[in-house]
Amino acid sequence: MRIVRTVDELRAALAPHRSGGIGFVPTMGALHEGHLSLLRAAAADNATVVLSIFVNPTQFGEAADLEAYPRTEEADIELAEHAGTHVVFAPSASEMYPAGFATTVSVGGALTGTLEGAVRGRSHFDGVATVVAKLLLAVQPDRAYFGAKDAQQVVVVRRMVTDLRIPVEIVTRPTSRDADGLARSSRNARLSAEERTLAAVIPRSLRVAQDAFASGIRDTSRLTALVQEGLSEAGVDQEYVEIVDADSLESLTVIARPALLALAVRVGEVRLIDNVVLDPRSDDRIILERSRA
Ligand code: PAF
């Protein structure tokens, strides 16, 4: 496995491997099982696997959040190698944003104005879109792999790739979860033992809404209320709990097409996000059974 720090080194390292297919997993490091499952998926689909590790300053609103973001490069490199990575691209901030850098890739409209965009500001997604565009241009992969936990990020990246006609397939993999259902996240490392136990209320509350949805409830205010109740009872601070169209991210009052139930909460100092898809089409069996009864 090679570790490269500059775009020039990266391009030289990848030049002999272009024909066999290049799979790319962009990360901010602090690798966990979710990242490793993306790397393994990339290794299954491509002859060459590239991992990037870059804590992107332009997507952080609060300086304290950027400061506190875990940085574990040595351990990441070891994990990446075992997961089948061939090249690690770990640039410095000045390599990604040299003096005079003045370009921003900005995805507009509802996609970036809602959910995370409403709380963290559109500038968060400007930061994400700009760095992902730069990384895709640097790696030029055949496929790039993203986790479904960051559902809005995936929608925004897909829009950008379509709009700019960047020749890459965006592959989304299911959210990786711990045994109690908590979505794996680099931020989980910052939870105390007590907070980690408390955080399990997030998947439990989402599950209550999923069960209610499976029993036929389609009214989004009833479904979000179920999640909010679960989180409130546990004393977890809520930033948002919302149900939006899974493609357009527009707010829904009734679920008649695939929807995203997404939330952001704070457990102690740590901000966590999660989501599930509520898809009426995959619920036909339940509806049919009920109509027969
Ligand atoms: O999901 C992340 O870790 C980041 O947002 C990404 C895609 C690596 C861009 O910095």
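These remarks concern the structure in this document. (Residues numbered from 1 in each chain as written. Predicted model: local features only at pLDDT ≥ 70, side-chain atom pairs only at ≥ 80, totals over all residues. Heavy atoms only, no water.)

Within the open sheet, the six strands sit side by side as β1-β4-β3-β2-β5-β6. Their pairing is parallel. Edge positions in the open sheet fall to β1 (2-4) and β6 (169-173), since each of these has one partner strand only. Strand-to-strand twist in this sheet, taken as the mean axis angle between neighbours without regard to direction, amounts to 25°. As judged from the three bridges shared by strand β3 (residues 48-53) and strand β4 (residues 87-89), these two strands associate in the parallel manner. Bridging from a neighbouring strand, Val 50 pairs with Val 87 of β4. Strands in contact with helix α2 (residues 33-45) are β2 (22-27), β3, β5 (143-147) and β6; relative to β5, the strand with the most contacts, it is inclined by about 155°. (Pairing = 2+ DSSP bridges. Helix = DSSP H or I, 4+ residues; strand = E, 2+ residues; numbered from the N terminus. Axes fitted to C-alpha atoms, helices over the stretch in contact; angles between N-to-C directions. Contact = heavy atoms within 4.5 Å.)

Moving on, we get to the sheet that holds strand β8 (residues 259-267). Spatial ordering of the open sheet is given by β7-β8-β9, a layout of three strands whose pairing is antiparallel. Whereas interior strands pair on both sides, the edge strands pair on one side only; in this sheet they are β7 (237-245) and β9 (270-278). Each strand axis lies, on average, 15° off the axis of its neighbour in the sheet, ignoring direction. Pairing analysis gives nine bridges linking β8 to β9, with the strands arranged antiparallel. What sits directly across from Arg 266, in β9, is Arg 271.

With that settled, consider the packing of helix α11 (residues 201-214) against helix α12 (residues 220-234). If you want to describe how two helices pack, look at the angle between their axes and the distance between the axes. The geometry of α11 relative to α12 is characterised by a closest axis approach of 8 Å and an angle of 155° between their N-to-C directions. In terms of their interaxial angle, α11 and α12 are classed as roughly antiparallel. Pair α11 / α12 crosses with right-handed handedness. Along the contact surface, α11 presents Val 201, Ile 202, Ser 205, Val 208, Ala 209, Ala 212 and Phe 213, while α12 presents Leu 223, Leu 226, Val 227, Gly 230, Leu 231 and Ala 234. By residue class, the composition of the contact of α11 with α12 is 11 nonpolar, two polar and no charged. (Parallel < 35°, antiparallel > 145°, perpendicular 65-115°, else oblique. Left-handed = near helix turned anticlockwise from the far one by under 90°. Nonpolar A, V, L, I, M, F, W, Y, C, P; charged D, E, K, R; others polar.)

Attention shifts here to the pairing of β9. The element β9 is largely enclosed, with a buried count of eight among its nine residues. Here β8 hands over to β9 after two residues, with Gly 268 in that stretch at a positive phi of 60°. (Buried < 20%, exposed > 50% of the residue type's maximum accessible area, 1.4 Å probe, protein only.)

As a further point, take helix α4 (residues 73-82). By the burial criterion, the buried members of α4 are Asp 76, Ile 77 and Ala 80. Seen along its axis, α4 keeps its buried residues to an arc of 100°; they face one direction. Exposed and facing more than 90 degrees away from the buried side of α4 are Glu 74, Glu 78 and His 82. On the buried face of α4, the contacting elements are β1, α2, β3 and β4. (Arc of directions from axis to C-beta.)

Looking now at the site of the ligand. Around the ligand, the structure places Pro 26, Thr 27, Met 28, Asn 56, Gln 59, Val 131, Val 132, Asp 150 and Gln 153. Gln 59 places a polar side-chain atom, nitrogen or oxygen, 2.6 Å from an oxygen atom of the ligand. The contact in question runs from an oxygen atom of the ligand to an N or O atom on the side chain of Gln 153, over 2.6 Å. With the chains in place, 90% of the 290 Å² that the ligand exposes on its own is no longer accessible. Taken together, the elements giving at least two residues each to the shell around the ligand come down to β2 and α8 (122-139). Among the residues forming the shell around the ligand, the class breakdown is four nonpolar, four polar and one charged. (Near = heavy atom within 4 Å. Polar contact = N/O pair within 3.5 Å; in protein donor to acceptor, adjacent residues only side chain to side chain. Areas by Shrake-Rupley, 256 points an atom, 1.4 Å probe, with all protein chains shown as cover.)

Looking now at the side chain of Thr 112. Inspection of the secondary structure puts Thr 112 in helix α6 (residues 110-113). In this structure Thr 112 comes out as buried when scored by relative accessible area, which is 1%. Here Thr 112 is in contact with Val 107, Gly 117, Arg 122, Phe 125, Gln 152 and Val 156, once residues within four sequence places are set aside.

If you add up the space inside the largest pocket, you get close to 310 Å³. As for the largest pocket, its lining consists of 14 residues, of which Ala 151, Val 154, Val 155, Ala 246 and Asp 247 are closest to the centre. Among the elements of the structure, α9 (151-163) and β9 are those that each provide at least two residues to the lining of the largest pocket. Among the elements that make up the lining of the largest pocket, the one with the highest residue count is α9 (five residues). Of the residues belonging to the lining of the largest pocket, the class tally is nine nonpolar, two polar and three charged. Here the second largest pocket is characterised by a volume of approximately 240 Å³. For the second largest pocket, the lining is made up of 15 residues, of which Glu 62, Asp 65, Arg 187, Arg 266 and Arg 271 are closest to its centre. Of all the secondary structure elements, the ones that give two or more residues to the lining of the second largest pocket are α3 (63-68), α7 (116-120) and β9. Considering every element that reaches the lining of the second largest pocket, the biggest residue donor is α3, with three residues. (1 Å grid on protein atoms, 1.4 Å probe; cavity = no way out; pocket = protein on both sides within 12 Å on 5 of 7 lines; lining within 4 Å. Points joined across faces, edges and corners; volume = space filled by probe spheres on them.)

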